[in-house]
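Below are the chains, spelled out letter by letter.
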Amino acid sequence: MLCIPLLFVPGPTALAQDQSQPPVPTSWQLGLRSTGYFYQDQYGDGTSDNRFQNYQAVTGSLSGLADGHLIFRGSGRFTNDLAYNPAGFENSRLYSGHVEARMGSRFRARIGRQFLQGGVQGLTLDGAWLGYRQGSLLDASIWGGARSPLGKGFELGSLDNDAAAGWRVAVRPSRKWRVAVSGAYRERYGLVSEKPIGAEVNTSALKGTRLLGRVAYDLAQDTWAKIQFQARWR
């Protein structure tokens, strides 16, 4: 196996702004990880086949645009087998690719392909996400669109085949307690497939411990989807 990681991080450049305000830097980052696999297939008739497969994992971002309000992010993978397709790429993947807008200190919005994880949600979405945060007290978000194809190819998810939407609200009344509720709605080929709703409590009120309780109930299937309790003592 041959693995060659490369990372390009240029220095920031300043955008032209009013001289009364400090300049907002614009920066970009590009990462490439190239991995090659050499192996040989041996067959029962005594013949063999030499194989070489390679994977190019790419990540990148561009930040500081529009006076620091816009950020572009993306990641994906290109791969092929030179023995069968030396000129093209097979099984390529687009893991993420979205633009994020920061509207003041409390609102953020993202549109494009993004991974959502938290509460009852855990999926890659082709759509939009809107979040609101008020310090450490309140963290709320809503999202909607189509679930990305399971193969995470470059085609977009279809609202007719796999629509999804959801929300989450987390409150932290004190440093040792955090409570969150969330819900989601998902369709599959025009029919309701899931309607999970859940809650979670995270606390370190007991000295030396961290406790987490999480439950989720699927209203569409009329069954408990998750019951979880975790305790950590240190």
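Residues numbered from 1 in each chain as written. Predicted model: local features only at pLDDT ≥ 70, side-chain atom pairs only at ≥ 80, totals over all residues. Heavy atoms only, no water.

## Regarding the pairing of strand 15 (residues 223-233)
In plain terms, the rule: Burial here depends on accessible area, computed with a 1.4 Å probe over protein chains only, as a share of the maximum for the residue type. Under 20% is buried, over 50% is exposed, and the range in between is partly exposed. Helix and strand definitions follow DSSP, with helices as H or I runs of at least four residues and strands as E runs of at least two, each counted in order from the N terminus. Two strands are said to pair when DSSP picks up at least two bridges between them.
Sparse coverage of strand 15 is indicated by the burial of zero of its eleven residues. The pairing of strand 14 (residues 209-218) with strand 15 spans ten bridges and is antiparallel. Within strand 15, the residue paired with L212 across the bridge is Q230. The turn linking strand 14 back onto strand 15 is made up of four residues, and D222 within it adopts a positive phi angle of 55°.

## Describing the nonpolar core
What counts is decided by this rule: Within this scheme, the nonpolar core is defined by two criteria: the residues are buried Ala, Val, Leu, Ile, Met, Phe, Trp, Tyr or Cys, and they are joined through side-chain atoms within 4.5 Å.
Core analysis: the largest hydrophobic core is formed by nine residues, namely L116, V120, L123, L125, W129, W143, A164, A184 and A216. The element that contributes the greatest number of residues to this core is strand 8 (residues 121-134), accounting for three residues.

## Side note on the confidence of the model for the protein
Which entries qualify depends on this criterion: Confidence of the predictor in every single residue is expressed as pLDDT, which spans 0 to 100. Pairs of residues are marked as contacts when any of their non-hydrogen atoms sit within 4.5 Å.
Per-residue confidence for the protein averages 86 on the pLDDT scale, and 87% of its residues sit at or above 70. Predicted confidence for residues 13-18 stays below pLDDT 50, and this span has 15 contacts to residues more than four positions away or in other chains.

## Notes on a positive patch on the surface
Worth spelling out the cut-off: Patch construction takes residues with relative accessible area above 30% that form no salt bridge. Like charges are linked within 9 Å, and nonpolar side chains (Val, Leu, Ile, Met, Phe, Trp, Tyr) are linked within 5 Å. Here the Shrake-Rupley method, with its probe set to 1.4 Å, supplies the accessible areas, and only the displayed protein chains count as covering residues. Salt-bridge detection follows one rule: a side-chain nitrogen of Lys or Arg within 4 Å of a carboxyl oxygen of Asp or Glu. Charge assignment: positive for Lys and Arg, negative for Asp and Glu; neither His nor the chain ends contribute. Where a charge sits is defined by one atom per residue type, namely NZ (Lys), CZ (Arg), CG (Asp) or CD (Glu).
Together, R172, R175, K176, R210, R232 and R234 give the surface a local cluster of positive charge. Examined against the element boundaries, R210 turns out to sit in strand 14. On the accessibility criterion, R210 (47% relative accessible area) is partly exposed.

## Brief notes about the packing of aromatic side chains
Rule in force here: We call Phe, Tyr and Trp rings a pair once their centres come within 6.5 Å, taking the six-membered ring for Trp, and we label the pair stacked below 30 degrees between planes, edge-to-face above 60, and tilted otherwise.
For the structure on display, the rule yields five aromatic pairs. The interplanar angle of 80° and the centroid separation of 5.0 Å between the aromatic rings of Y217 and W224 together place this pair among those described as edge-to-face. Its relative accessible area of 21% is what places Y217 among the partly exposed residues.

## Notes on the pattern of salt bridges
What the rule picks out here adds up to twelve salt bridges. Its salt-bridge partner being R110, residue E100 comes within 3.9 Å of it at the nearest N-O pair. With E100 in strand 6 (residues 93-103) and R110 in strand 7 (residues 107-118), this pair connects stretches of sequence that are ten residues apart. An identical accessibility class is assigned to E100 and R110; each is buried. Linked through salt bridges whose partners overlap, the residues forming this network are R73, E100, R102, R108 and R110.

## Observations regarding the environment of F229
Looking at the element boundaries, F229 is found in strand 15. Counting along the chain gives 16 residues from F229 to G213, while the straight-line C-alpha distance between them is 4.5 Å. Beyond its immediate sequence surroundings of up to four residues, F229 is in contact with L211, L212 and G213.

## Digging into the side chain of S182
Looking at where S182 falls in the secondary structure, it is placed in strand 11 (residues 177-188). Sequence-distant contacts of S182, defined by excluding residues within four places in its chain, comprise G119, V120, W167, R168, P196, I197 and G198.

## Brief notes about a nonpolar patch on the surface
The grouping of M103, F107, L130, I142, W167, V181, I197 and L219 at the surface amounts to a nonpolar patch, some 680 Å² of accessible area in total. In this structure, I142 sits in strand 9 (residues 138-147).

## Focus: unusual backbone geometry
Positive phi is not limited to glycine here, since A66 has a value of about 50°. Following the sequence through the fold, A66 ends up in helix 1 (residues 65-68). Given the relative accessible area of 45%, A66 is considered partly exposed. Positive phi, close to 55°, is recorded for Y189, a residue that is not glycine. You can see Y189 is positioned in the loop between strand 11 and strand 12 (191-194). On the basis of relative accessibility, which here comes to 56%, the residue Y189 falls in the exposed class.

## Let's talk about the side chain of E100
Under the convention used in this document: A 3.5 Å cut-off defines polar contacts: any pair of N or O atoms within that distance qualifies, except that in protein one atom must be a possible hydrogen donor and the other a possible acceptor, and neighbouring residues in sequence count only when both atoms are side-chain atoms.
By relative accessible area, E100 is classed as buried at 2%. A distance of 3.1 Å separates a polar atom in the side chain of E100 from a polar atom in the side chain of R102.

## What to know about the environment of P25
Inspection of the secondary structure assignment puts P25 in strand 3 (residues 25-42). Assessed through its relative accessible area of 44%, P25 is described here as partly exposed. A C-alpha to C-alpha distance of 8.2 Å links P25 and S63, two positions 38 residues apart in sequence.

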